[in-house]
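# Chains, contacts and geometry: an overview
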Amino acid sequence: MRAMASLSDQLEEVRANAEESLFSPGCAQEMRAGVTAMANVPLPPSSKYRYIAAENMLMENSSGNTRKETLGSLQKLSTALNILEKYGSNLTNPNRPKYWRTVKYNNPVFRTTVDSIQGGRAVLNLYGYTNQQHDGLSFPDDALEPDVEKVASVTLEVMSLRMELDIFIKGAHPHPEFFERLIPSLSLQDDEELSPDAVAFSSNEKSWEKKTPSPLSAPSQPKPPYSPVLSPSSLVPSKQTENCTICGINSVSAYCPTCTQRLCTECDRLYHSHSGRSTHVRIPVTSSKPTKRLSSSLSTWQCSYCTTVNTMQQVLCETCDRPRLSSAAPSLQEEPSQPSTISEWQCKSCTVVNAGSSILCVVCERPRLATRPPVAPSRPTPSSTGLMDSQWGCQFCTYVNHTPSPVCEMCCLSRSEPAPSLSKVLPLSPVKDVTPLSTTPKVTPTEDPDMKRQRLMREDGLKLIQLIREGEKKGVSPEEVYTSMCVSGNSNVTPYDWLKTELPHVLDEICVMAASYQQELNAQSTLSNCSGGNEGRDGQKNNAVPLSRAEAKRAWLAAGGNNEKAVRQALRDRRAKVKELGAVGFNDVACCEEALRQSGGEVRGALVLLQRPSLEPFHQRMWSDEPEPPIDINHTDKQRVCRRLLAVYGLPSWGRCELALSLLQDPAAPYTLEDVVQAVRESHDREFIRRVLNKECPICLSVFPHSKMQSLTSCQCSVCCGCFKQHFTIAVRDKHIRDMVCPVCTEPDINDPEHLNSYFSTLDIQLRDCLELDVYELFHKKLTEQALIKDPKFLWCSHCSYGFIYDGDQLKVTCTQCRKSFCAQCKKPWEPQHMGLSCEQFQQWKRENDPEYQRQGLAGYLRDNGITCPNCRFQYALARGGCMHFSCSQCRYQFCSGCNNPFHTTCAVNQCTVTGLHAHHPRDCLFYLRDWEPARLQALLQKKGVNYNTDTAPGAQMGVCGVIEQKDEGPRPTDSACGAQTQPGQAGLCEKHYREYLVSLINGYSIDPAPLFSPEELLVACRRYNVEVMQGEGEDDRTYYTRLLKKLMDDVPLGDKVPRKK
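Residues numbered from 1 in each chain as written. Predicted model: local features only at pLDDT ≥ 70, side-chain atom pairs only at ≥ 80, totals over all residues. Heavy atoms only, no water.

On the surface, a cluster of nonpolar side chains totalling about 390 Å² of accessible area is made up of Phe-618, Met-622 and Trp-623. Within the fold, Met-622 resides in helix α20 (residues 603–623). (Patch = residues over 30% accessible without salt bridge, like charges linked within 9 Å, V, L, I, M, F, W, Y side chains within 5 Å. Areas by Shrake-Rupley, 256 points an atom, 1.4 Å probe, with all protein chains shown as cover. Salt bridge = Lys/Arg side-chain N within 4 Å of Asp/Glu carboxyl O. Helix = DSSP H or I, 4+ residues; strand = E, 2+ residues; numbered from the N terminus.)

Here is the structure:
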């Protein structure tokens, strides 16, 4: 028990260190070492793993009757744990992936690994993926971040279990009894099978404490099942394998706990020569058995896949090209293995299994797709190996290094071959006995001259590098540092001080030497010219321009500090640059030399200085306050005009400029320059440009260019700017807001509210720059009133037709314009008797007590139930007789006075084939019922038990109908009495208005007129409302019409906008 407690404390310490390295940024080697230490703690899975159910996962995911089959199933579990480890690592990483919150079931990697084992989703639940969805798992919506500490703990256990499985599958686990007691088939040999009645040990049985000694192993003393401390020897697997895990030939001489490899001497040297594994600590392994000698059976090996016998030098099978250590061919009953391309791949050269993400082999560093090498490299002898490790020469600078560092001490470049490992020198492979060569010790001289040269070269190089780095900080180039060191010699003055104090004098000396050298050349040239009789030729060369310090410095650096060479180099450079400037048109040598001196020897700067006088007139014209002179299209220089068009108007090409110039010079087409330029920008087609420049206004019939025309967004019509402004000015001042449409085609349809809002929003932008300020403000005022009409609190005064917003809750409303009162609900003029009564009670009181109302009879009834605009709710005390098309004088909304449906020219009904102004009326609209005889309408009311008047009211005018209606008399509609003759039994009304009265009762009581339809009327109504009228076979007419009537009344409802007041 004391040992168990010590191991538990040790496990907690190892777990804490590993978790800290997992969820905090650090070295991957430290994290791997922590996981390895946790995996090697000698505790069973039930005591080692706190979060995951390790024993259940091992037992539930193991299958097979033999050890080989069981190991194959555990390999599948190891692959799934590797994927789960990546899920946990992504969650603990500060830079998590974009879609870290969800795990999709349709992911092929997830489906073939995690989802194919038992307990995989349970581990994801521990990570935090607890929200079950139809297509995967996800974090809860309220979880903004994962629990990093818990995820790190679970991930550590997943990594430890996977590492234990890998060690066990390779046969290097120090305590295989932990797995064999859980899975009985693991304790069998490869040629044995598990009996059907075999079961696993229970958790109470400590079968791992009893270990049956193998007949091949040497007898050993019994050991306690648990070790109190983790010594280095305890990390070495207790179950030794015979040969190296990489080459499979030589015996094991070392064990690496970090990478869990059992290697021979040569494989250990090659494998740990990699820079990423050079710090691994290996533990020497001494075998208690005698070393196996190579027998005849070891000279060949048989492929387990195709049973071909190969020689020992062949790494891959000669027939099937499979590695030497690959497993046998899977049977048809076995489950297909996981594709190696998902998680790992096997090198064809050294047969090492590498991770799927690696490109090169971790041992031989050959690419993944590389074939096996033609000739296997020979093993170096110990003497040559030791000599190679002692010293090596750099292939770049030839410096001989005496340290095993992979980087040269002189040039800091990597060596071509890998550096030897710094680990402890392990004994040689016991397979081949190599007799060491006897060597006599050599007397090493005090200091070899070659070594001294190497040392001095290294010291000078390091000193120069240090000086260059310091010079870069101070703004001094490496060339200046090196040249100053060469010139100053071994003086104690630093290169930076020398450059600051002495270099200006050196440069001045170079300039003086160059000037004297030029004078000598000029003198010799003058003597030769005088002797030849050319005294005045090249007199301009006598006054040579001196060098600048920048030119002298550039030549001094190129000459390596030699002043005489610098003078000759500077003069050669100047002559070459003068020749280069002369090639571009500047032939004055003195001006070119002066420009080079001022620009410090830069050709580009000298060119700028030489071009400045030529650009001076342009600069003066550009910066002057005088206006730019207009372009003269009749100028003789055509190219000058085209250049100005390009510069001023920015035309896209030279051809467009010539096209614009030809159009401007055409005498038959007097175009302006701006119109032509704008048309040429749009197209290069001459005929198209002529059409653009000759647009005819449909109102004034004048010709204008396209830029002088304006159009609305609702149509394709274009009018000139003058007609456009005049039309909308008159419409804003004298007409309604709904009259502000296209003057040519009267588009758009103002009755569409959605179209109306978008139309006025774009029209506002066009009128802003077109109308005068007072007209534009009036337009905005009318537009605001149009928007206020749609407010449910907006009321129209019944006395003066003034509209305003009313926020009160009283029925009595006082107009702010005329100061008169009216009812807010029924819109009737206010009377004292209305106080305390509802509108219906007040109308009943007037019918019973008001003599004037009684005298009007049904004419007053029709007036009180007049026309109300469905758009702005303005009421008209008019009858509905006559034409059913009504246009509101307030908002210009056009609707049917019988059913309130809108009149429009663009119909929204798909099956409608009517063109022009029309409306769609329901079957109970006055539009259809006004053609019925009064007796038929009375019969419909009697059928529903509705009373109606037939007698004339007392005091009413006899023989003449007094209903007020709108008549088109004169330029504007007027309201006047009907004046038609009345008939007996029609309540003192004419037949037209009596029918209107009876239809108002039918609409008030929502009576359907369909039961009184004749067969012809029924068929017409069914066709009008798209009701199927096909008569069935053998169906009589009565049944057919009854079915049609029922279908019409069920499928086509009554009008929803018909006034339903009684």
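Still more to cover.
As a further point, take the side chain of Thr-982. Secondary-structure assignment places Thr-982 in the loop between β26 (974–977) and α33 (991–1004). Excluding anything up to four places from it in sequence, Thr-982 contacts Gly-959, Val-960, Cys-961, Gly-988, Leu-989 and Cys-990. (Contact = heavy atoms within 4.5 Å.)

On to the packing of aromatic side chains. The tally for this structure, following the rule as stated, stands at 16 aromatic pairs. A centroid spacing of 5.9 Å and a plane angle of 20° characterise the contact between Trp-498 and Trp-556, whose relative ring orientation is stacked. Of this pair, Trp-498 sits in helix α15 (residues 495–501) while Trp-556 sits in helix α17 (residues 549–558); the two residues are 58 residues apart in sequence, bridging distant segments of the chain. What makes Trp-498 buried here is its relative accessible area of 10%. (Phe/Tyr/Trp six-rings, centres within 6.5 Å; stacked < 30°, edge-to-face > 60°. Buried < 20%, exposed > 50% of the residue type's maximum accessible area, 1.4 Å probe, protein only.)

Here the focus is helix α7 (residues 120–127). Along an α-helix, residues three or four apart share an orientation, since each turn contains 3.6 residues. Considered for burial, the residues of α7 that qualify are Gly-120, Val-123, Leu-124 and Tyr-127. Angular distribution of buried residues about the axis of α7 spans 100°; they occupy a single face of the element. Considering only its buried residues, α7 is in contact with α4 (54–60), α5 (67–92), β1 (102–104), α6 (108–112), β3 (136–138) and α8 (148–169). Taken from the residues just after α7, Gly-128 is the one with a positive phi, measuring 125°. (Arc of directions from axis to C-beta.)

Here the focus is the nonpolar core. Within the largest apolar cluster, 40 residues are counted, with the highest numbers of intra-cluster contacts made by Leu-941, Tyr-948, Tyr-994, Tyr-997, Leu-998, Phe-1013 and Leu-1048. Looking at this core, the elements that each hand over two or more residues are α31 (926–929), α32 (934–944), α33, α34 (1015–1024) and α35 (1037–1051). Looking at this core element by element, the count peaks at six residues for α33. If we ignore the near neighbours within four places in the chain, the residues touching Leu-941 are Val-946, Tyr-948, Leu-998, Leu-1001, Ile-1002 and Ile-1007. Leu-84, Leu-137, Phe-179 and Leu-186 belong to the second-largest nonpolar core, a separate cluster that totals 38 residues. (Core = buried A, V, L, I, M, F, W, Y, C linked by side-chain atoms within 4.5 Å.)

In this section: the pattern of salt bridges. Across all of its chains, the model carries 29 salt bridges by this definition. Notably, a salt bridge pairs Asp-135 with Lys-104, separated by 2.9 Å at the nearest N-O pair. Of this pair, Asp-135 sits in the loop between β2 (131–132) and β3 while Lys-104 sits in strand β1; the two residues are 31 residues apart in sequence, bridging distant segments of the chain. Among the residues examined, Asp-135 registers a relative accessible area of 24% and is labelled partly exposed. Accessibility expressed as a relative area gives 34% for Lys-104, which makes it partly exposed. Ionic pairing is found between Arg-282 and Asp-268, a salt bridge with its closest N-O pair at 3.0 Å. Of this pair, Arg-282 sits in the loop between α10 (265–271) and β6 (283–284) while Asp-268 is found in helix α10, placing the two residues 14 residues apart along the sequence.

Moving on, we come to the sheet that holds β3. Spatially, β1-β3-β2 is the arrangement adopted by the three strands of the open sheet, whose pairing is antiparallel. Edge strands, defined here as strands with exactly one partner in the open sheet, are β1 and β2. Bridging between β2 and β3 involves two bridges; their strand directions are antiparallel. Looking at β3, one finds that Asn-131 is bridged to Ser-138. (Pairing = 2+ DSSP bridges.)

All right, on to the confidence of the model for the chain then. For the chain, the mean per-residue pLDDT works out to 76, and 77% of the residues sit at or above 70. In this model residues 288–298 is a low-confidence stretch, pLDDT under 50, and it forms 11 contacts with partners more than four residues away in sequence or in other chains. Across residues 419–440, confidence stays below pLDDT 50; counting only partners more than four residues off in sequence or on other chains, it has 35 contacts. (pLDDT = per-residue confidence, 0-100.)

Below, the discussion takes up the sheet that holds strand β4 (residues 254–256). Strand-to-strand pairing in sheets goes through backbone hydrogen bonds, with the strands running parallel or antiparallel. The three strands lie next to each other as β5-β4-β6, forming an open sheet whose pairing is antiparallel. At either margin of the open sheet sits one strand with a lone partner, and together these are β5 (261–263) and β6. Pairing of β4 with β6, which is carried by two bridges, proceeds in the antiparallel orientation. Pairing of Tyr-255 across the sheet is with Ile-283, part of β6.

Inspection of the secondary structure puts Val-648 in helix α21 (residues 638–649). Taking the C-alpha atoms as reference, Val-648 lies 9.5 Å from Ile-631; in sequence the two are 17 residues apart.

Throughout the structure, instances matching the rule amount to four cavities of 30 Å³ or more. Of the pockets and cavities examined, the largest cavity occupies roughly 60 Å³. Residue lining of the largest cavity: Asp-675, Gln-678, Ala-679, Glu-682, Val-692, Leu-693, Pro-705, His-706 and Ser-707, and that is the complete set. If you tally residues by element for the lining of the largest cavity, the top one is helix α23 (residues 673–682), at four residues. (1 Å grid on protein atoms, 1.4 Å probe; cavity = no way out; pocket = protein on both sides within 12 Å on 5 of 7 lines; lining within 4 Å. Points joined across faces, edges and corners; volume = space filled by probe spheres on them.)

Among all positions in α17, only Glu-551, Ala-552, Ala-555 and Trp-556 are buried. With its buried residues spanning 130° around the axis, α17 presents them on a single face.

Turning our eyes to something else, we now look at the packing of helix α14 (residues 478–488) against α17. Contact geometry for α14 and α17: axes closest at 10 Å, N-to-C directions at 70°. For the element pair α14 / α17, the angle class is roughly perpendicular. Taken together, the residues of α17 that come into contact with α14 (itself represented by Glu-479, Glu-480, Thr-483, Ser-484 and Val-487) are Lys-553, Trp-556 and Leu-557. Here the contact of α14 with α17 is composed, by residue class, of three nonpolar, two polar and three charged. (Axes fitted to C-alpha atoms, helices over the stretch in contact; angles between N-to-C directions. Parallel < 35°, antiparallel > 145°, perpendicular 65-115°, else oblique. Nonpolar A, V, L, I, M, F, W, Y, C, P; charged D, E, K, R; others polar.)

With that settled, the discussion passes to unusual backbone geometry. For the bond from Glu-747 to Pro-748, the omega torsion is 5°, close enough to zero to count as cis. Turning to its location among the elements, Pro-748 is positioned in the loop between α25 (721–734) and α26 (753–768). Located in the positive-phi region is Leu-701, a residue other than glycine, with phi close to 60°. With respect to the helices, strands and loops of the structure, Leu-701 is situated in the loop between β13 (695–696) and β14 (703–704). Of the residues examined, Leu-701 reaches a relative accessible area of 56% and is grouped as exposed. Positive phi, close to 65°, is recorded for Asn-900, a residue that is not glycine. Taking the relative accessible area as the measure of exposure, Asn-900 reaches 13% and is therefore buried.

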